[in-house]
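Spelled out from the first residue to the last, the chains are:
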Amino acid sequence: SSRVSFDTASLMSERVDAEISKRYDIDMREIGIGGYGKVFLAKDRMFKDRQVAIKKVTKIDEERDSAFKKEVLIMKKLDHPNICRLFETYEQGRVMYFVIEFCEGGDLFDRYSNHGKLPETTVAPIIKQTATWDSDDAMDSDDSDLKELYGHNGVLLTAGIIAADVIGAGILAMPAAMANLGLYAGTAALIALLLANVHVSMVMWRVRMNCPTCVGATTYTALVQGAFAKAPAWQQEIMIHLTSFSQKSFLFGMMVLYLLSAGKGFGMIFHHVHVCLPNWMIYAAFLLFPFAASARHLGSWQSLVWINVVSLMGTVLIPLCFYALNGTEKIRVPGSHVEAVSELSPRQILSSLSTFFFGMTSQFMLLEIIAEMKDPMELPKAYAGYFAPFQLVMFSLAGIAGYWYMGNKVGGMMNENLPFGPSLQAAAGCMLVHMLISYLIKGVVVCKSIHRAVDKRYAHGSDTRPRSWMAS
């Protein structure tokens, strides 16, 4: 006889404008809290002694409403003994209730906080249960919504993406920043600020991985939302909007700067052609378009990530090699020299620190980068283990060596101090490639945000429907 299969998700009720209290007796004491709402224990009036967990969330805008509906869709499709089942949902105006299977025993994080480290005999069965995951049985492997739950990028690729995000045009201004402080003071500031940047990034990662209301956050705004989960609603909304505005403003500003630098790179390569800078910027945008039109993830074009690393090195090393071959006598401006500590003024200090900060800011995209990792627990290895040493070497070469060769009267970017010729064109070509790839990496995050706001149903990176690609 043949077996007949059916979709159990179709049996789950989605009740609109129905009174949940008629079916469930809700205990208003919280048993959990998350970035989007609170969880309460309830008794089912229809089935004696049956307890359920009810998550209450508020739909404050269309984007949040769409996110909740996506959550319902995903939970309906998940069917696994180690995942709490969704029984039904209720909608009452702006409030939505998720009726979920109740698991007794409390929260694992609270257990750890209250009792400290758990013995291996307790942890081993838990790990065994959570590791028992058969994706074919638990979900439809072809479902694009569920595929979004998984990252794709390994440790090395993630380190390369961070390099493309963080190390931009600012590295070429390192000699001038170093000259404002002097060799010793500038080196100390460079190392201190780099360590501070790594520390801040690791703090954000720890919050994302360990804070109960932030676990699984995939965007910068989602992390802030989770961090302010217990704050009054008005405070939470202010912080969410402020974070979203600051992130998008910063990323958009960086993209404009990168496109401007790419246009300058084109102009340096073809310095004998009389074309204005805006036109060179348009040519750079056309060169980038095929890649931008097909990049749905930060690691969509893995080859470009590694090309970016090579071009970044070329951007710094080509000018330094030219300086080394010609010597300080031919490179330095008359009267220029190296100082251990400059005669510091507020203007010099602010100018130098702003350049350092500009070249080390990684926090605005860190959560989006973590969200695309195969194993987010490996972020410290990617960031502190691979990227930070590479950043220190490249910034030190650009800042210390560049300052040593050009002295305290250095101005502008490193490649701007090269004479017209092959060295300038080669360095400019590397800068052009580096700027365009850095633009692409930030553009993926910005476009994803816009896509989710405009047409969230087609915004998933794994969605292959034509409209999704057109919208991106």
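Residues numbered from 1 in each chain as written. Predicted model: local features only at pLDDT ≥ 70, side-chain atom pairs only at ≥ 80, totals over all residues. Heavy atoms only, no water.

## Here we look at the UniProt feature "transmembrane region" (unreviewed entry) in the protein chain
Part 1: Those places that UniProt annotates as "transmembrane region" (unreviewed entry) correspond, in this numbering, to residues 154-175, 181-200, 250-274, 280-298, 305-325, 349-371, 383-406 and 426-447.
Part 2: Taken as a whole, residues 250-274 contains 80% helix and 0% strand, while its terminal C-alpha atoms sit 32 Å from one another.
Part 3: Helix and strand shares over residues 349-371 are 70% and 0% respectively, and the end C-alpha atoms of the span are 36 Å apart. (UniProt positions renumbered as here; feature names shortened; annotations may be inferred. Helix = DSSP H or I, 4+ residues; strand = E, 2+ residues; numbered from the N terminus.)

## Observations regarding the pairing of strand β5 (residues 86-92)
Part 1: Among the 7 residues that make up β5, 5 are buried, leaving the element largely enclosed by the rest of the structure.
Part 2: Inspection of the sheet shows β5 paired to strand β6 (residues 95-101) by 6 bridges, in the antiparallel sense. Across the sheet, Gln92 pairs through a bridge with Val95, a residue of β6.
Part 3: Connecting the antiparallel pair β5 and β6 is a turn made up of 2 residues, with Gly93 showing a positive phi of about 65°. (Buried < 20%, exposed > 50% of the residue type's maximum accessible area, 1.4 Å probe, protein only. Pairing = 2+ DSSP bridges.)

## Let's talk about the environment of Lys264
Part 1: One can find Lys264 in helix α10 (residues 233-269).
Part 2: Note on Lys264: relative accessible area 28%, which makes it partly exposed.
Part 3: Taking C-alpha positions, Lys264 is 9.7 Å from Cys276, a pair spaced 12 residues apart along the chain.
Part 4: If we skip the residues at most four places from it in the chain, Lys264 touches Leu277, Met413, Glu416 and Met431.
Part 5: Within the structure, Lys264 has its side chain in polar contact with the side chain of Glu416 (distance 2.6 Å). (Contact = heavy atoms within 4.5 Å. Polar contact = N/O pair within 3.5 Å; in protein donor to acceptor, adjacent residues only side chain to side chain.)

## Overview of the packing of α10 against helix α11 (residues 277-292)
Part 1: As a packed pair, α10 and α11 sit with axes 8 Å apart at the nearest point and diverge in direction by 105°. Between α10 and α11, the interaxial angle falls into the category roughly perpendicular. For the pair formed by α10 and α11, the contact residues are Leu259, Leu260, Ala262, Gly263, Lys264, Phe266 and Gly267 on the first element and Leu277, Trp280, Met281, Tyr283, Ala284, Ala285 and Leu287 on the second.
Part 2: Looking at side-chain class alone, the contact of α10 with α11 contains 11 nonpolar, 2 polar and 1 charged residues. (Axes fitted to C-alpha atoms, helices over the stretch in contact; angles between N-to-C directions. Parallel < 35°, antiparallel > 145°, perpendicular 65-115°, else oblique. Nonpolar A, V, L, I, M, F, W, Y, C, P; charged D, E, K, R; others polar.)

## So, the side chain of Ser311
Part 1: Tracing the backbone through its elements, the reader meets Ser311 in helix α12 (residues 302-331).
Part 2: A distance of 2.9 Å separates a polar side-chain atom of Ser311 from the backbone oxygen of Asn308.
Part 3: Not counting residues up to four positions away in its chain, the partners in contact with Ser311 are Cys430, Val433 and His434.

## Re the packing of aromatic side chains
Part 1: Summed over the entire model, instances satisfying the criterion amount to 10 aromatic pairs.
Part 2: Taking the centre distance of 6.2 Å and the plane angle of 85° together, the rings of Tyr24 and Tyr90 count as edge-to-face. Here the residue Tyr24 occupies a position in strand β2 (residues 24-33), and Tyr90 occupies one in strand β5, the gap between them amounting to 66 residues. Both residues of the pair, Tyr24 and Tyr90, belong to the buried class.
Part 3: Between the aromatic rings of Tyr220 and Phe364, the centroid separation amounts to 5.8 Å while the plane-to-plane angle is 80°, which identifies the pairing as edge-to-face. Here Tyr220, found in helix α9 (residues 220-227), pairs with Phe364, found in the loop between α13 (346-358) and α14 (366-371); they are 144 residues apart in sequence, far enough to count as distant. (Phe/Tyr/Trp six-rings, centres within 6.5 Å; stacked < 30°, edge-to-face > 60°.)

## Points about a nonpolar patch on the surface
Part 1: Together, Tyr184, Val341, Leu344 and Ile349 make up an exposed nonpolar region whose accessible area comes to about 390 Å².
Part 2: Its location among the elements puts Leu344 in the loop between α12 and α13.
Part 3: With relative accessibility at 42%, the residue Leu344 sits in the partly exposed group. (Patch = residues over 30% accessible without salt bridge, like charges linked within 9 Å, V, L, I, M, F, W, Y side chains within 5 Å. Areas by Shrake-Rupley, 256 points an atom, 1.4 Å probe, with all protein chains shown as cover. Salt bridge = Lys/Arg side-chain N within 4 Å of Asp/Glu carboxyl O.)

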